[in-house]
Amino acid sequence: FADLYNFSRLRDPLTWPAPNSTADPVKLRQQMLQFTPEPISRSLTEMSPALEQIAVATFTDLMRCMGDQLSTFAAEKQQPVIKAAQQDAALCDEIYVQVLKQLTENPSTLSCTSGWELLQVLVAEVLPSEELCDFLRSFLAKHCCSVEVPVGSPRNRGGTMALSEKRLSNRRKTY
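Report on the accompanying structure.

## Looking at the overall build of the chain
Next up, step 1: A count of helical and extended segments in the chain gives seven helices and zero strands.
Next up, step 2: Element order for the chain, N to C, with α for helix and β for strand: α-α-α-α-α-α-α.
Next up, step 3: Looking at the chain as a whole, 45% of its 175 residues qualify as buried.
Next up, step 4: Sequence-distant contacts in the chain: of pairs separated by 6 or more residues, those separated by 24 or more amount to 67%.
Next up, step 5: When the accessible surface of the chain is summed, it comes to about 8800 Å², and 54% of that surface belongs to carbon and sulfur atoms.

Here it is in structure tokens:
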């Protein structure tokens, strides 16, 4: 579970359009799963066409939430993403993959901070599938500070790690 590239529902990289893409599936998969300043035109995971439309639109909401795309409204930016994740299990997994994508190799500190805050709220509101929970745990362990960092600091990855790991562990106990 150390590598999100192995998630069973991840779209085949050869069917996912990427700018400046090559025929090399390994490079395509890397492009699929790391930060992009551009909206996506296909979902990152396999899903029905109806859900795929929602997933693509939600990625734009995610970009607004993280500050990677201009927003013309001052409303709560996390809510559209959270609401979409609560609609369907496949869509929930897709949104988690989108968030992890945008946190990977993201050059903006502000964007990353917003992304980590969204991930913390997402984990509190709706969990992904059991399989993706394992990948999420691995991502958190790889990208976060030690769990001993004070949880009270809302902009601290360590706090995100501690709270998220507790919630993910509770998910494991329910199965």
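## Section: the packing of helix 2 (residues 49–66) against helix 4 (residues 89–103)
Next up, step 1: Running from N to C, helix 2 and helix 4 point in directions that differ by 35°, and their axes come no closer than 10 Å. Both helix 2 and helix 4 take part in a crossing whose hand is right-handed. Here helix 2 contributes L51, I54, A55, T58, F59, L62, M63 and M66 to the contact with helix 4, which in turn contributes A90, L91, E94, I95, Q98, V99, K101, Q102 and L103.
Next up, step 2: Across the contact of helix 2 with helix 4, the residue classes break down as 12 nonpolar, three polar and two charged.

## Digging into the environment of E117
Next up, step 1: Looking at where E117 falls in the secondary structure, it is placed in helix 5 (residues 109–125).
Next up, step 2: Sequence-wise, E117 and Q78 are 39 residues apart; in three dimensions their C-alpha atoms are separated by 9.2 Å.

## Quick look at helix 4
Next up, step 1: With 15 residues, helix 4 ought to run about 21 Å at 1.5 Å a step, and its terminal C-alpha atoms sit 21 Å apart, in line with that.
Next up, step 2: Burial runs high along helix 4: 14 of the 15 residues are buried.
Next up, step 3: The distance from a side-chain oxygen at the start of helix 4 to the backbone nitrogen of A90 is 2.8 Å, and the residue carrying that oxygen is D88.
Next up, step 4: Directly after helix 4, the chain includes E105, whose backbone phi takes a positive value near 60°.

## Points about the packing of aromatic side chains
Next up, step 1: Enumeration over the complete set of coordinates arrives at two aromatic pairs.
Next up, step 2: Taking 5.8 Å as the distance between ring centres and 75° as the angle between the ring planes, the aromatic pair formed by F7 and F135 counts as edge-to-face. Of this pair, F7 sits in the segment before helix 1 (25–32) while F135 sits in helix 6 (residues 130–143), placing them 128 residues apart in sequence. F135 carries the same exposure label as F7, and that label is buried.

## Points about the packing of helix 4 against helix 6
Next up, step 1: Following both chains from N to C, one finds helix 4 and helix 6 inclined at 20°, their axes separated by 11 Å at the closest point. The angle between helix 4 and helix 6 falls in the class roughly parallel. Crossing hand, helix 4 versus helix 6: left-handed. Residues D93, Y96, V97, L100 and L103 of helix 4 lie in contact with helix 6, whose contacting residues are L132, L136 and F139.
Next up, step 2: Tallied by class, residues from the contact of helix 4 with helix 6 come to seven nonpolar, no polar and one charged.

Here is what the cut-offs are and how they apply
Residues numbered from 1 in each chain as written. Predicted model: local features only at pLDDT ≥ 70, side-chain atom pairs only at ≥ 80, totals over all residues. Heavy atoms only, no water. Helix = DSSP H or I, 4+ residues; strand = E, 2+ residues; numbered from the N terminus. Buried < 20%, exposed > 50% of the residue type's maximum accessible area, 1.4 Å probe, protein only. Contact = heavy atoms within 4.5 Å. Areas by Shrake-Rupley, 256 points an atom, 1.4 Å probe, with all protein chains shown as cover. Axes fitted to C-alpha atoms, helices over the stretch in contact; angles between N-to-C directions. Left-handed = near helix turned anticlockwise from the far one by under 90°. Nonpolar A, V, L, I, M, F, W, Y, C, P; charged D, E, K, R; others polar. Expected span 1.5 Å × (residues − 1). Polar contact = N/O pair within 3.5 Å; in protein donor to acceptor, adjacent residues only side chain to side chain. Phe/Tyr/Trp six-rings, centres within 6.5 Å; stacked < 30°, edge-to-face > 60°. Parallel < 35°, antiparallel > 145°, perpendicular 65-115°, else oblique.

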